[in-house]
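Understanding the architecture of this molecule
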Amino acid sequence: MMIEIRRANTSDATGIAEIQVAGWQAAYRGIVPDEVLDGLDVASRIPLWQRFSLDAKGDLYVADLEGGVAGFCHLIPSRDPGATGTAEIAAIYVNPLAWRTGIGRKLCTTALHSAVERSYLRVTLWVLSGNHLGRRFYEAIGFEHDGAVKHEVMNGTRMEEMRYQITLPAPSTGHLATDRESSFLVQASFEKKG
């Protein structure tokens, strides 16, 4: 299985929107109200992803699998107040039919390398506390819950989100704050070069 990670362009917007909707519907069923999930619309999301693919402030990557978009990851400057030196993975989704194939890890690795190249100190992301599959994925690659939580209400349902973060190496040293993080990014460094 050949997986190519590359920067997205405007022609990828439809594939990205399709994966985002499919990902929400597969991962969040039972967490997010059904009426929200059933009302998700691919067409309304296409212009948004076309715009994001052109935004120089962030990095939007797609995973190509056999000529089609199988996943994507969007890295942006953190939207959290006072988060100096922090990037945020605003979205990372893989086609549910391709879960557990390594695509998510490759996308995340690419985003972390991009954050290092942009001289960020850390990367954060927000995940629904009920999304146990997603939380296990982030923890397996070195992200840790930093204690921050926030709440959102969708169609009358109150949902909790937890913030995860990973500390990045300084571009010149390649060393991380913890051995766990260090081993992940050192391995990722070899994967990117190889």
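The text that follows walks through the structure, step by step, so that each part is easy to find. (Residues numbered from 1 in each chain as written. Predicted model: local features only at pLDDT ≥ 70, side-chain atom pairs only at ≥ 80, totals over all residues. Heavy atoms only, no water.)

1. Let's talk about helix α4 (residues 103–117)
The end-to-end C-alpha distance of α4 is 21 Å, a good match for the 21 Å that 15 residues give at a rise of 1.5 Å each. Counting buried residues in α4 gives 12 out of 15 residues, a clear majority hidden from the surface. Turning to α4, its buried residues are Ile 103, Gly 104, Leu 107, Cys 108, Thr 109, Thr 110, Ala 111, Leu 112, His 113, Ser 114, Ala 115 and Val 116. (Helix = DSSP H or I, 4+ residues; strand = E, 2+ residues; numbered from the N terminus. Expected span 1.5 Å × (residues − 1). Buried < 20%, exposed > 50% of the residue type's maximum accessible area, 1.4 Å probe, protein only.)

2. Concerning the sheet that holds strand β1 (residues 3–7)
In spatial order, the strands read β1-β2-β3-β4-β5-β7-β6; together these seven strands make up an open sheet with mixed pairing. Looking at the sheet topology across the chains shown, the edges are occupied by β1 and β6 (144–154). The mean angle between the axes of side-by-side strands here comes to 25°, regardless of whether they run parallel or antiparallel. Relative to strand β7 (residues 157–167), strand β5 (residues 122–128) is paired through seven bridges, and the arrangement is antiparallel. From the neighbouring strand, Thr 124 faces β7, where its bridge partner is Gln 165. (Pairing = 2+ DSSP bridges. Axes fitted to C-alpha atoms, helices over the stretch in contact; angles between N-to-C directions.)

3. A look at the pairing of β5
Taken across its seven residues, β5 has six buried, putting it largely inside the fold. In this sheet, β5 lies alongside strand β4 (residues 86–94) in parallel orientation, the contact comprising three bridges. Within β5, the position partnered with Ala 87 by the bridge is Val 123.

4. Overview of the pattern of salt bridges
A complete count under the given rule lists nine salt bridges for this structure. For Asp 59, the salt bridge goes to Arg 118, with nearest N and O atoms at 2.8 Å. Of the two residues, Asp 59 sits in strand β2 (residues 59–65) while Arg 118 sits in the loop between α4 and β5, which places them 59 residues apart along the sequence. When its relative accessible area of 35% is taken as the criterion, Arg 118 is described as partly exposed. The residue Arg 79 makes a salt bridge to Glu 88 at a minimum N-O spacing of 2.5 Å. Taking the relative accessible area as the measure of exposure, Arg 79 reaches 56% and is therefore exposed. (Salt bridge = Lys/Arg side-chain N within 4 Å of Asp/Glu carboxyl O.)

5. What about the packing of helix α1 (residues 13–27) against helix α3 (residues 42–54)?
Viewed as axis vectors pointing N to C, α1 and α3 meet at an angle of 125°, and their least axial separation amounts to 8 Å. For the element pair α1 / α3, the angle class is oblique. As α1 runs across α3, the sense of the crossing is right-handed. Mapping the contact onto sequence places Ala 13, Thr 14, Ile 16, Ala 17, Glu 18, Gln 20 and Val 21 in α1 and Val 42, Arg 45, Ile 46, Trp 49 and Gln 50 in α3. Looking at the contact of α1 with α3 residue by residue, the class counts come to seven nonpolar, three polar and two charged. (Parallel < 35°, antiparallel > 145°, perpendicular 65-115°, else oblique. Left-handed = near helix turned anticlockwise from the far one by under 90°. Contact = heavy atoms within 4.5 Å. Nonpolar A, V, L, I, M, F, W, Y, C, P; charged D, E, K, R; others polar.)

6. Re unusual backbone geometry
One non-glycine residue, Arg 100, lies in positive phi territory at about 65°. For Arg 100, the location among the structural elements is in the loop between β4 and α4. The phi dihedral of Ser 119 falls on the positive side, at around 65°, and the residue is not glycine.

7. Points about the nonpolar core
Ranked by size, the top nonpolar core spans 30 residues in total, and within it Ile 89, Ile 103, Leu 107, Val 123, Phe 143 and Leu 168 carry the most contacts. Of all the secondary-structure elements, those providing two or more residues to this core are β2, β3 (68–77), β4, α4, β5 and β7. It is α4 that provides the largest number of residues to this core, a total of seven residues. In terms of nonpolar packing, the next biggest core, distinct from the first, is built from 22 residues, Leu 40, Phe 72, Met 154 and Met 159 among them. (Core = buried A, V, L, I, M, F, W, Y, C linked by side-chain atoms within 4.5 Å.)

8. Considerations on the packing of aromatic side chains
One pass over the structure, following the stated rule, counts seven aromatic pairs. For the ring pair Trp 24 and Tyr 28, a centre distance of 4.9 Å and an interplane angle of 85° mean the geometry is edge-to-face. The residues Trp 24 and Tyr 28 share a single accessibility class, namely buried. Relative to Tyr 164, the ring of Tyr 138 has its centre 6.4 Å away and its plane inclined at 50°; by these criteria the two rings are tilted. (Phe/Tyr/Trp six-rings, centres within 6.5 Å; stacked < 30°, edge-to-face > 60°.)

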